[in-house]
Amino acid sequence: MKKHYLAVDLGASSGRTIVGTFEDGKLSLKEMNRFWNGPTEVRGTLYWDFVHLFRNIQEGIALAKKEFGDGLVCMGIDTWGVDFGLIDSDGRLACNPVNYRDSRTAGMFEKVFEKVPKAEVFQQTGIQFMELNTLYQLMSLSVEDSFQYRNAAKMLFSPDLLSYWLTGKMVAERTIASTSQFYNPVTKDWAYDLLEKLGIRTDLFAELVDPGTVIGDVDGLPVVAVGGHDTASAFAAVPVTEGEQSAFLSSGTWSLLGTELPEPVINDKTLAANFTNEVGVCNTVRFLKNLSGLWILQELRRNWNTQECDYSWAAMEHMALEAKPFAFFIDPSDTIFLTPGDMPARIQDYCERTGQGRPETHAQILRAAYEGLALLYADTYESLETLSGRTLDTLRIVGGGCKDTLLDQMAANATGRKVVTGPTEATATGNLIMQMFAMGDIKSLAEGREVIRNSFADETNVFEPQNAADWKNALKTWRAICRA
């Protein structure tokens, strides 16, 4: 019997609704609609357009119902992490949600650490320190005594806000809550003590629910809390076999490199390495580091397209491949690369500032960006093995970024590990797997991953390491320049 599930999958640059059809042990996907997502600047503030997103979600639901009718079993929503909306006492959105790349969190590290030492924040949350985290967004609202913050009744993370608009039910799905840096993965509750010391309101948070929970319904269609953080859904879709020791890389606008563990790793070494312990589906921990990903390439392409250089992704790969290797080194995780702007000039300035000269051609700039990403992966991979206490034989790359075969091969070269890619629609697939789990159509995460292996074998590609000595030397040089 065919069953159909609707995944709403919202990344930081695009959104889509996808129907997954489950039949004879296999899952097939059909896209209903796809739409733009991204920040819009209004008088110096970067906002998300949630009304636009909701309108397109409603359109996707309507299209799915029209095509699949009563065969549509349920739906679930995953999004990027950390961002949120404030709900007033009448149940209305108090203000448009602000994008995590907005500058309002500048200086909030210092404000937080004046009241609570950095080590204590990490001990209570186990989360990587990034100034875009929800903790620093709320701290900025508290410091400025924002009217909307002061008068809000609830705070809902991005997927929970959209689910609330559909169902009228307010919840905090656990995987998305864990990205906030005020969720405690050991106690499995909000870090109330931390928030009280910081003077941040503790009455804003909705009831925590696990992925695989039915929240409510929209016109009779059940809405399921899936792995609400898109990386949680992506990790759920990594088709590892039982006992396999692999690193996971969810590749998109961001690169999330880590592995799946049964318990968080919270200690001084993890703190020093700035790793994170986010909650995964089915009582797992995503032990990882949040790295800059295809964002840097997206911004290069956007900048050049405004100059009438309409490069395709394939053309950019070819240009990078033709440029001289290891001529310039950058660290894509440097803060100068994390916000919108003139990315080509930033790369040129970085290279000049670090004594390397100045890449002049587009091909040289692209080569530096590609190699910088691969070497960042390699550096993080070594730390991951050390901190997790595991030898990780394979790097599994999932998500839209795994279609970039040049970066896949460079990742294999830089890490010295076999790279296996696929599925490309990992976040949507992981979202669908947890809907199937909620409905009882699969009994475990392992069973879901078996479905994925059977369904998307034709998307699997393998990349073996090449030129090992050259890449080892390049990693040494990269560390000397970028970690000096």
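Numbers given for residues are sequential positions, taken from 1 along each chain in its written order. Local features in this predicted model are restricted to residues of pLDDT 70 or higher, and side-chain atom pairs are both shown and tallied only at a pLDDT of 80 or more, whereas totals for entire chains, interfaces and linings draw on every residue. Side-chain numbers here rest on the full set of heavy atoms in the structure, without hydrogens or water.

Hey, could you run me through the overall build of the protein in this one?
Helix and strand assignments follow DSSP, with helices taken as H or I runs no shorter than four residues and strands as E runs no shorter than two, numbered in order from the N terminus. Along the backbone of the protein there are 18 helices and 21 strands. Taking 484 residues into account, the globule formula puts the C-alpha radius of gyration at 23 Å, and the protein, at 22 Å, falls close to it. Reported as C-alpha extents along the three principal axes, the dimensions of the protein are approximately 60 × 55 × 50 Å. Residues classed as buried in the protein amount to 59% of the 484 residues present. Taking the intrachain contacts of the protein between residues at least 6 apart in sequence as the baseline, contacts between residues at least 24 apart amount to 72%. When the accessible area of the protein is evaluated, it comes to approximately 18,900 Å², of which 48% is carbon and sulfur surface. With 45 positive and 63 negative side-chain charges, the protein shows a separation of 1 Å between the mean positions of the two kinds. Just to be clear, the radius of gyration here is over C-alpha atoms, and the globule rule we use is 2.2 Å times residues to the power 0.38. Throughout this description, buried means an accessible area under 20% of the type-specific maximum (1.4 Å probe, protein chains only), exposed means over 50%, and partly exposed covers the range between. In this analysis, two residues are considered to be in contact whenever any of their non-hydrogen atoms come within 4.5 Å of each other. Residue exposure ignores everything except the shown protein chains as possible cover, and the areas themselves are Shrake-Rupley values with a 1.4 Å probe. Positive charge is attributed to Lys and Arg, negative charge to Asp and Glu, and no charge count is given to His or to the chain ends. Lysine's charge is taken at NZ, arginine's at CZ, aspartate's at CG and glutamate's at CD.

What should I look at first to understand helix α1 (residues 50-68) in this one?
Residues spaced three or four apart along an α-helix point in a common direction, a consequence of the helix completing one turn every 3.6 residues. For α1, spanning 19 residues, the distance from its first C-alpha to its last is 26 Å, which sits close to the expected 27 Å at 1.5 Å a residue. Here the buried face of α1 lies against β1 (3-10), β2 (14-23), β3 (26-36), β6 (72-78), α6 (158-167) and β14 (221-225). Phi turns positive one or two residues past the end of α1, at Gly69, with a value near 55°. Every helix has an expected span of 1.5 Å times one less than the residues it contains.

I'm lost on the environment of Asp210 in this one. Help?
Structurally, the position occupied by Asp210 is in the loop between β12 (207-209) and β13 (213-218). In this structure Asp210 comes out as partly exposed when scored by relative accessible area, which is 38%. As a C-alpha pair, Asp210 and Arg396 span 186 residues in sequence and 26 Å in three-dimensional space. Not counting residues up to four positions away in its chain, the partners in contact with Asp210 are Arg174 and Ala225. Side-chain polar atoms of Asp210 contact the side chain of Arg174, separated by 2.6 Å. What qualifies as a polar contact is a pair of N or O atoms within 3.5 Å, subject to a donor-acceptor requirement within protein and to the restriction that residues adjacent in sequence count only when both atoms come from side chains.

What should I look at first to understand the environment of Leu366 in this one?
Mapped onto the fold, Leu366 is located in helix α14 (residues 362-388). Owing to a relative accessible area of 0%, Leu366 belongs among the buried residues under this scheme. Considering only alpha carbons, one finds Leu366 and Glu317, 49 residues apart in sequence, at a separation of 8.1 Å.

Looking at this structure, I do not really get helix α15 (residues 405-415). What am I missing?
The buried fraction of α15 is high, at 10 of 11 residues. Of all the positions in α15, only Leu406, Leu407, Asp408, Gln409, Met410, Ala411, Ala412, Asn413, Ala414 and Thr415 are classed as buried. Once α15 ends, the next one or two residues include Gly416, with phi positive near 70°.

Which parts of the structure should I look at to understand the nonpolar core?
Soluble globular proteins tend to bury their nonpolar side chains together. Definition of nonpolar core: a set of buried residues of the types Ala, Val, Leu, Ile, Met, Phe, Trp, Tyr and Cys, connected through side-chain atoms within 4.5 Å. Core analysis: the biggest nonpolar cluster contains 102 residues, and Met75, Leu135, Leu138, Met155 and Phe182 have the highest contact counts within it. Not counting the four nearest positions on each side in its chain, Met75 is found in contact with Leu6, Val8, Ile61, Leu166, Val218, Leu221, Pro222, Val223, Val224 and Gln435. Listed in part, the 58 residues of the second largest apolar core include Leu261, Ala273, Phe275 and Ile347.

Would you explain the sheet that holds strand β21 (residues 461-463) in this entry?
The pairing of strands in a sheet happens through backbone hydrogen bonds and is either parallel or antiparallel. A pair of strands counts as paired when DSSP detects no fewer than two bridges linking them. The strand order across the open sheet formed by 7 strands is β17-β18-β16-β15-β19-β20-β21, and the pairing between neighbours is mixed. Two strands close off the open sheet at either side, each with one partner strand: β17 (276-279) and β21. Each strand of the sheet is rotated relative to its neighbour by a mean of 30°, with strand direction disregarded. As defined by bridge partners, strand β19 (residues 394-398) adjoins strand β20 (residues 418-421) across 4 bridges and the pair is classed as parallel. Considered in β20, the bridge of Thr394 is made with Lys418. Between the N-to-C directions of two axes lies an angle of 0 to 180 degrees, each axis being a line fitted to C-alpha atoms and, for a helix, fitted only over the stretch in contact.

Which parts of the structure should I look at to understand the side chain of Glu299?
Tracing the backbone shows Glu299 in helix α11 (residues 295-306). A distance of 3.1 Å separates the side chain of Glu299 from the backbone nitrogen of Gly341, its partner in a polar contact. Ignoring anything within four residues of it in the chain, the contact list for Glu299 reads Pro340, Gly341 and Met343.

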